[in-house]
Amino acid sequence: MKKWFAVIGDPISHSKSPDMHNTWFDELEIDATYIPIHVKTEDLNQAVASLKLLGASGWNVTVPHKETIIPMLDKIDPIAEKMGAINTVVRQEDGTLKGYNTDGAGFVHALEEAVGKEHKDQKVLLIGAGGASRGIAFALQQYGYHQISICNRTISKAEAIINELGEGEALSLEQAENRLNEFGIIIQATSLGLSTGEQKLPISLDRLQKETIVADIVYNPLITPFLAEAENKGAKIVTGLGMFVHQGAIAFNYWLGQYPNTEKMMNRLMEQLK
């Protein structure tokens with residue numbers, strides 16, 4: 001029987017997930033399809049019940065449902081539980097739904113692929129304190145990055161993540177701007193810069209040091225206003241595309257037990273997004 005998968009979110013029209021997964025199905029000769037489904041916050045419960053009823057084998061979860069979907073699932077992977085955010089749901093053989101987070105691991109894979117693994121002693125600044133930031137913070141810690149600061153408009157949200165990490169520092173946006181020169185790695189982990197959203201910078205980059213590694217989790221557009229500004233100031237930039245492809249590949253592996261070709265996909269999507 002043909003399997004089917006989906007991505008749910010609001011907005012969803014910008015997502016390259018259907019294109020990516022459907023290409024992988026073709027490459028690996030898997031009889032399956034993957035569709036985007038626009039789900040508003042108030043319809044999430046109903047959407048999850050419908051996906052289950054209609055026999056979806058699994059689905060991805062994007063903004064703004066990564067945290068709110070948790071109570072609707074039967075089981076949560078321990079790391080995802082710690083992160084408090086889900087981006088991948090797997091229908092188990094017994095029909096129950098299990099949630100995973102592949103964002104964090106996907107991000108670290110992409111970062112280290114782009115700049116190497118020798119930056120673990122650097123101070124890291126995460127901008128934003130939502131589901132994506134949470135996932136990345138725990139994954140960074142898991143992979144050996146231990147000097148993590150998180151800045152957010154509402155500082156209490158950053159403090160909550162830092163308290164759970166058990167190390168690091170929460171900063172206001174202003175504090176982060178004033179101390180920007182201290183950080184060797186800066187990660188923009190909000191939805192600012194999305195092709196469908198606001199095109200403003202989350203913080204000022206006036207104090208950015210040359211050669212700093214600056215990453216953005218937004219991949220569409222490929223070069224966000226934040227990355228463009230950082231590159232102008234001499235930073236080494238890492239686009240959100242690598243994280244997107246790797247988190248998708250890890251999810252694909254959870255669903256089907258196969259790891260697709262990420263390098264080929266990166267090149268393909270880069271051409272499309274240029």
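Residues numbered from 1 in each chain as written. Predicted model: local features only at pLDDT ≥ 70, side-chain atom pairs only at ≥ 80, totals over all residues. Heavy atoms only, no water.

Draft legend 1. Looking closely at the sheet that holds strand β5 (residues 88-91). An order of β2-β1-β3-β5-β6-β4 is seen for the 6 strands of this open sheet, with the pairing classed as mixed. With partners counted over all chains shown, the strands left at the sheet margins are β2 (32-38) and β4 (75-76), one partner each. Note: strand β1 (residues 3-9) against strand β3 (residues 58-61), 4 bridges, orientation parallel. Considered in β3, the bridge of Ala6 is made with Trp59. Together, β1, β2 and β3 form the strand contacts of helix α1 (residues 17-27), whose direction differs from that of β2 by roughly 175°. Of the strands in this sheet, β1, β2, β3, β5 and β6 (97-100) touch helix α2 (residues 44-53), which is tilted by about 175° from β1. (Pairing = 2+ DSSP bridges. Helix = DSSP H or I, 4+ residues; strand = E, 2+ residues; numbered from the N terminus. Contact = heavy atoms within 4.5 Å. Axes fitted to C-alpha atoms, helices over the stretch in contact; angles between N-to-C directions.)

Draft legend 2. Layout of empty space enclosed by the protein. In total, this model carries 1 cavity of 30 Å³ or more according to the counting rule given. Empty space within the largest cavity amounts to approximately 30 Å³. Its residues assigned to classes, the lining of the largest cavity comprises 5 nonpolar, 3 polar and 2 charged. (1 Å grid on protein atoms, 1.4 Å probe; cavity = no way out; pocket = protein on both sides within 12 Å on 5 of 7 lines; lining within 4 Å. Points joined across faces, edges and corners; volume = space filled by probe spheres on them. Nonpolar A, V, L, I, M, F, W, Y, C, P; charged D, E, K, R; others polar.)

Draft legend 3. Region of the structure containing the layout of surface pockets. In this structure, the largest pocket encloses a volume near 1100 Å³. Taken together, 44 residues form the lining of the largest pocket, with Val63, Ala189, Thr190, Ser191 and Ile217 sitting closest to its centre. Among the elements of the structure, β3, α5 (131-142) and α9 (241-256) are those that each provide at least two residues to the lining of the largest pocket. Here the residues of the lining of the largest pocket are counted per class, giving 20 nonpolar, 17 polar and 7 charged.

Draft legend 4. Molecular detail of the nonpolar core. In terms of nonpolar packing, the biggest core is built from 31 residues, with Phe107, Leu126, Ile136, Leu140, Ile150, Ile187 and Ile217 touching the most fellow members. Looking at this core, the elements that each hand over two or more residues are α4 (103-115), β7 (124-127), α5, β8 (148-151), α6 (155-165), β10 (185-188) and β11 (213-216). With 6 residues, α5 is the single largest residue contributor to this core. Residues in contact with Phe107, not counting those within four places in the same chain, are Ile136, Ile187, Ala215, Ile217 and Met243. Among the nonpolar cores identified, the runner-up in size contains 25 residues, and Phe25, Ile30, Ala32 and Ala249 belong to it. (Core = buried A, V, L, I, M, F, W, Y, C linked by side-chain atoms within 4.5 Å. Buried < 20%, exposed > 50% of the residue type's maximum accessible area, 1.4 Å probe, protein only.)

Draft legend 5. Layout of the side chain of Lys98. By secondary structure assignment, the location of Lys98 is in strand β6. One buried charge, Lys98, has no salt-bridge partner; the nearest side chain with opposite charge is Asp77, at 4.9 Å. With residues near it in sequence (within four places) discarded, Lys98 still touches Lys75, Ile76, Asp77, Thr88, Val89, Val90 and Gln92. (Lys, Arg positive; Asp, Glu negative; His and termini not counted. Salt bridge = Lys/Arg side-chain N within 4 Å of Asp/Glu carboxyl O.)

Draft legend 6. Molecular detail of unusual backbone geometry. For the bond running from Val63 to Pro64, omega is 5°, close enough to zero to count as cis. Its location among the elements puts Pro64 in the loop between β3 and β4. In this structure, Pro221 follows Asn220 across a cis peptide bond, with omega equal to 15°. Within the element layout of this structure, Pro221 appears in the loop between β11 and α8 (225-232). Positive phi, normally seen in glycine, also occurs at Glu29, with a value near 55°. The residue Glu29 is located in the loop between α1 and β2 in this model. In this structure Glu29 comes out as exposed when scored by relative accessible area, which is 74%. You will see that Glu211, though not glycine, has its phi angle at about 70°, which is positive.

Draft legend 7. Geometry of the side chain of Lys66. In this fold, Lys66 is placed in the loop between β3 and β4. Here the side chain of Lys66 touches Asp103 through a polar contact of 2.5 Å, side chain to side chain. Once you skip the residues sitting within four places of it in the chain, Lys66 turns out to touch Val61, Gly84, Ala85, Ile86, Asn87 and Asp103. (Polar contact = N/O pair within 3.5 Å; in protein donor to acceptor, adjacent residues only side chain to side chain.)

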